[in-house]
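# Geometric and topological summary
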Amino acid sequence: MPELPEVHTFQQYFDAAALQQRIMQVEVHDDKIIRNMDGFSFAERLRERTFTGSLRQGKYLFADLDNGHSVLLHFGMTGDLKLYQDPGERPRFERFAFVFTDGNRLGFDDARKFARVLYLEDRDAYIAESGLGPDALVISEADFLAAMGQRKTSLKGFLLNQSCLAGVGNLYADEICYRTRVHPGSTVASLPDKKRREVYAKLQEVLHTAVEQSPHYRDYPEQWFWNEWRHEGHLAPDGKSKVESAKIAGRTTYWAAPWQRKY
DNA sequence: TGTGATGTTGAATG
DNA sequence: GCATTCAACATCAC
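Residue positions are given per chain, counting from 1 as you read along its sequence in written order. Chain letters and ligand numbers both follow the written order, the letters beginning at A and the numbers at 1. A pLDDT threshold of at least 70 governs which residues receive local features in this predicted model, and a stricter bar of 80 or more applies before side-chain atom pairs are shown or counted, although totals over entire chains, interfaces and linings include all residues. Side-chain descriptors were evaluated using all non-hydrogen atoms of the structure, hydrogens and water having been removed beforehand.

## Side note on the overall build of chain A
- In this text, helices come from DSSP runs of H or I with a minimum length of four residues, and strands from runs of E with a minimum of two, each type numbered from the N-terminal end. Each helix and strand in chain A was counted, giving seven helices and ten strands.
- Taken over the C-alpha trace, chain A has a radius of gyration of 20 Å; the compact-globule value for 263 residues is 18 Å, and the two agree within 12%.
- The dimensions of chain A, computed from C-alpha atoms along their principal axes, are 60 × 35 × 30 Å.
- Relative accessibility decides the category of a residue: with a 1.4 Å probe and only protein chains considered, values under 20% of the type maximum give buried, values over 50% give exposed, and everything between is partly exposed. In chain A, which comprises 263 residues, the proportion classed as buried is 52%.
- By definition, residues are in contact when any of their heavy atoms lie within 4.5 Å. Considering only contacts within chain A whose residues lie at least 6 apart along the sequence, 66% involve residues at least 24 apart.
- All accessible-area figures derive from a Shrake-Rupley calculation using a 1.4 Å probe, and residue coverage is judged against the displayed protein chains alone. With the model as given, the accessible surface of chain A reaches about 11,900 Å², and the carbon-plus-sulfur share is 47%. Our radius of gyration looks at C-alpha atoms and nothing else; its globule reference is 2.2 Å times the residue count to the power 0.38.

## Some points on the nonpolar core
- By nonpolar core we mean a set of buried residues, namely Ala, Val, Leu, Ile, Met, Phe, Trp, Tyr and Cys, connected to one another through side-chain atoms within 4.5 Å. Counting 38 residues, the largest nonpolar core has Phe144, Leu155, Phe158, Leu159, Val168, Tyr172 and Leu203 as its most contacted members.
- Considering every element that reaches this core, the biggest residue donor is helix α7 (residues 193-213), with seven residues.
- Apart from the residues within four sequence positions on either side, Phe144 is in contact with Ile139, Phe158, Leu165, Arg196, Val199, Tyr200 and Leu203.

## So, the pairing of strand β2 (residues 51-57)
- Sheet topology places β2 next to strand β3 (residues 60-65); six bridges connect them, and they run antiparallel. Following the sheet pairing, Arg56 is matched in β3 by Leu61.
- Between β2 and β3, which follow one another and run antiparallel, lie two residues, and Gly58 among them has a positive phi close to 60 degrees. Two strands are counted as paired when DSSP detects at least two bridges linking them.

## Looking at the protein's contact with DNA strand C
- Residues are counted as near a molecule or strand when any one of their heavy atoms sits within 4 Å of it. DNA strand C sits among Lys32, Arg92, Phe93, Ala111, Arg112, Lys113, Phe114, Arg151, Lys152 and Thr153.
- Counting only atoms of DNA strand C within 4 Å of the protein, the sugar-phosphate share comes to 65%.
- Here a phosphate oxygen of DNA strand C and a backbone polar atom of Lys152 are 2.6 Å apart.
- The definition of a polar contact used here is a pair of N or O atoms within 3.5 Å, where within protein one atom must be able to donate a hydrogen and the other to accept one, and adjacent residues in sequence count solely through side-chain atom pairs. The contact in question runs from a phosphate oxygen of DNA strand C to an N or O atom on the backbone of Thr153, over 2.8 Å.

## Quick notes on the side chain of Glu3
- Within the element layout of this structure, Glu3 appears in the segment before α1 (4-18).
- Only four residue types enter the tally: Lys and Arg on the positive side, Asp and Glu on the negative side, with His and both chain ends excluded. What makes a salt bridge here is a side-chain nitrogen of Lys or Arg within 4 Å of a carboxyl oxygen of Asp or Glu, nothing more. We note that Glu3 is buried and unpaired, the nearest opposite charge coming from Lys59 at a distance of 5.7 Å.
- Polar side-chain contacts of Glu3 include one of 3.0 Å to the backbone nitrogen of Leu171.
- At a separation of 3.3 Å, a polar atom in the side chain of Glu3 contacts the main-chain amide nitrogen of Tyr172.
- With residues up to four places along the chain from it excluded, the contact list for Glu3 reads Lys59, Gly167, Val168, Gly169, Asn170, Leu171 and Tyr172.

Spelled out as structure tokens, the structure:
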């Protein structure tokens, strides 16, 4: 589920569910996804703390605490949040839950355990050290073009590289390539300047559209734009090009040829 | 029943 | 040293 727009949705959900809430305890069922301490220490650190704010950068969601520290929530492939009261509603793959003093519980559900949760004493230092790039919704055109530079990687590989820009994942990367009519395997260095600006414009368009729609994401995932074309054999708008797929930059990638030109 | 999955990391390679 | 690629991670759903 989670690329930038989905994490944006998680942030809104988290804010409504957890801000100004005091943590009575943290119930840890499986601390595999807590990456920098064991479950007991994690719970110990969080007890009696209150969530005061949140910050999203790319797919990373930082939950700030009243002691100046933060909790990093990264949702991996299958992470999700669920607020509930009745323990019977506990999500099937809940790994831990914040139990608030008002009786609500915020569960972190994650079937595949690819999520990463860290307790951070200094969120900004962590962002600096981790090399996480600027958020894809915030990056300026000039910075985007500079990040492209003369890279020899594919456009797809560039868009997925979280240290170049943070937030684009496999599906949105394909969508951006489709809309700009660039083959995802095109070498970044050989893209003409005009095309680079177009990629930036479509990146903004796609992400802004998705963020606007994100409140409905859970209800209407099947209506997401790529669902219409991201199937092998689908006809592109030219009525001739058919969708093909292959592994590019390590991920399954769909594009329409020759609708999307290779540079 | 085998295959692939909306992500990241760290090792290996160029 | 830097850029890039790729296997590994763990488990579910089709």
